[in-house]
Amino acid sequence: MTKEEIKKRILELKTDEEIMSFINFRIAELESIAQEKIVGQDYTIIFDDYISSKVKFKPVASLKKKECPNLIYDDILPYFELIKELAKEKTYLNELFLFPLLMFEIFNYMSSKENKDNIGDTLIERQLLYFNAMNTEKENVSIKEFHKNKYAFCYENTGLAHNVFKILGIDSQFVIGKRNNENHAFNIIFPNGYGNSPAVLFDASYTIDFINNRETKYSFGYFKALTQEEYNNMLFGNSTPINLDGSVNNLIRYYPILSDCNASFENASYSIGLGEQLKEENGNKKPIIKKG
């Protein structure tokens, strides 16, 4: 199914049973074209395909020759909740409408207030979950573990966002790189199809917030439509400053209720790759995306 066919079908869904049937159909469709691959730290920098049951997804590096278990996205609950919301709203027009709903669903499924307030402890618990699995030679870890314990970080968040985009027919890349020179995972999506501008950075681990004079807070997904120069610069592993002023202005135009709010967000620098590996993979070819 194409993105437009999927969007039309979502807006026709009326019951939970219809939503479940649609999700199962899309997963089966994506699984049917999936290939066996190893993805994640030590293996890939950019991954375009659906993270299927055939994909060995490694969110952390190996430890003392013990390989990271595979993280498996075997819970359709987050897909169901998101698509139910899209079907209910009846105004699902584009990615700008999707981003805040996706951000909320990932946060609700993966995280908690305590998670954000105690990020150091949460990171330790996350690492222990994987290391214990390595030490017991456990082959797979379910995403349900992160839902239950709220230990998710950028790799788990980005993988879930990536699969949502694929189910919705949106061309997405799972990207391993850096944010402010710290290892990080994020998505780059192509609303007009792979290879066509704009490339849009979406970071499921951060938000763009708006607060009005009554202290009401509105949170949106963290995104930036990249220029070709920004995208190419990131793709070659260069730390690239990302300014969200344009994203804020787009949100205000799309959501007039934000016009009397103050925006709160963090500009950051992003790059793709963790060092020389990306340059070795790309060789000397200069990446070019077509203008849409």
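The structure we're discussing is the one just above.
Given the structure is predicted, the values throughout are model-derived calculations rather than measurements.

Reading the values: rules and limits
Residues numbered from 1 in each chain as written. Predicted model: local features only at pLDDT ≥ 70, side-chain atom pairs only at ≥ 80, totals over all residues. Heavy atoms only, no water. Buried < 20%, exposed > 50% of the residue type's maximum accessible area, 1.4 Å probe, protein only. Helix = DSSP H or I, 4+ residues; strand = E, 2+ residues; numbered from the N terminus. Arc of directions from axis to C-beta. Core = buried A, V, L, I, M, F, W, Y, C linked by side-chain atoms within 4.5 Å. Contact = heavy atoms within 4.5 Å. Pairing = 2+ DSSP bridges. Phe/Tyr/Trp six-rings, centres within 6.5 Å; stacked < 30°, edge-to-face > 60°. Salt bridge = Lys/Arg side-chain N within 4 Å of Asp/Glu carboxyl O. Polar contact = N/O pair within 3.5 Å; in protein donor to acceptor, adjacent residues only side chain to side chain.

(A) Seen up close, helix H10 (residues 245–254). Inspection of H10 places Ser247, Val248 and Leu251 among the buried residues, and these make up the whole buried set. Along H10, the residues classed as buried sweep out an arc of 100° about the axis, all on the same side.

(B) Looking closely at the nonpolar core. Ile10, Phe146, Leu168 and Ile188 are the most contacted members of the largest nonpolar core, which totals 85 residues. At nine residues, helix H4 (residues 95–110) tops the list of elements feeding residues into this core. With sequence-adjacent residues up to four places away left out, Ile10 is seen in contact with Phe22, Ile83, Leu86, Ala87, Tyr92 and Leu168.

(C) Representation of the pairing of strand S8 (residues 199–211) in the model. Bridge analysis of strand S7 (residues 182–190) against S8 gives three bridges, and the strand direction is antiparallel. For Ile188, the partnering residue across the bridge sits in S8 and is Leu201. As paired elements, S8 and strand S9 (residues 217–226) share 10 bridges and run antiparallel to each other. Bridging across to S9, Leu201 finds its partner in Lys224. Connecting S8 to the next strand, S9, in antiparallel fashion are five residues, including Glu215 with a positive phi near 65°. In this structure, S8 lies alongside strand S11 (residues 262–264), joined through three bridges in antiparallel fashion.

(D) Fine view of the packing of aromatic side chains. Counted by the stated rule, this structure contains 15 aromatic pairs. Between Phe99 and Phe223, the ring centres sit 5.1 Å apart and the planes meet at 40°, which makes this aromatic pair tilted. One end of the pair, Phe99, is in helix H4; the other, Phe223, is in strand S9, and 124 residues separate them in sequence. Judged on exposure class, the residue Phe99 and its partner Phe223 are both buried. With a centroid separation of 5.8 Å and an interplanar angle of 55°, the aromatic rings of Phe190 and Tyr194 are classed as tilted. For Phe190, a relative accessible area of 2% translates into the label buried.

(E) How the structure looks around the pattern of salt bridges. Overall, the coordinates contain 15 salt bridges when judged by the stated rule. Between Arg26 and Glu29 there is a salt bridge; the shortest N-O distance is 2.4 Å. Here Arg26 and its partner Glu29 are both found in helix H2 (residues 16–32), three residues apart, which amounts to about one turn of the helix. Overall, the relative accessible area of 4% leaves Arg26 in the buried class. Residue classification places Glu29 among the partly exposed positions, given a relative accessible area of 25%.

(F) Summary view of helix H9 (residues 228–235). Regarding H9, the residues found buried are Glu230, Tyr231, Asn232, Met234 and Leu235. Just downstream of H9 lies Gly237, where phi reads positive at about 85°.

(G) Structural view of the environment of Arg253. Within the fold, Arg253 resides in helix H10. Judged by relative accessible area, which is 62%, Arg253 ranks as exposed. Side-chain polar atoms of Arg253 contact the side chain of Asn250, separated by 2.2 Å.

(H) Just unusual backbone geometry, in detail. Of the consecutive residues Ser197 and Pro198, the connecting peptide bond is found in the cis state with omega at 0°. Residue placement: Pro198 occurs in the loop between S7 and S8. One non-glycine residue, Asn181, adopts positive backbone phi at about 65°. You can see Asn181 is positioned in the loop between strand S6 (171–179) and S7.

Shape is all these values report; function is a separate question.
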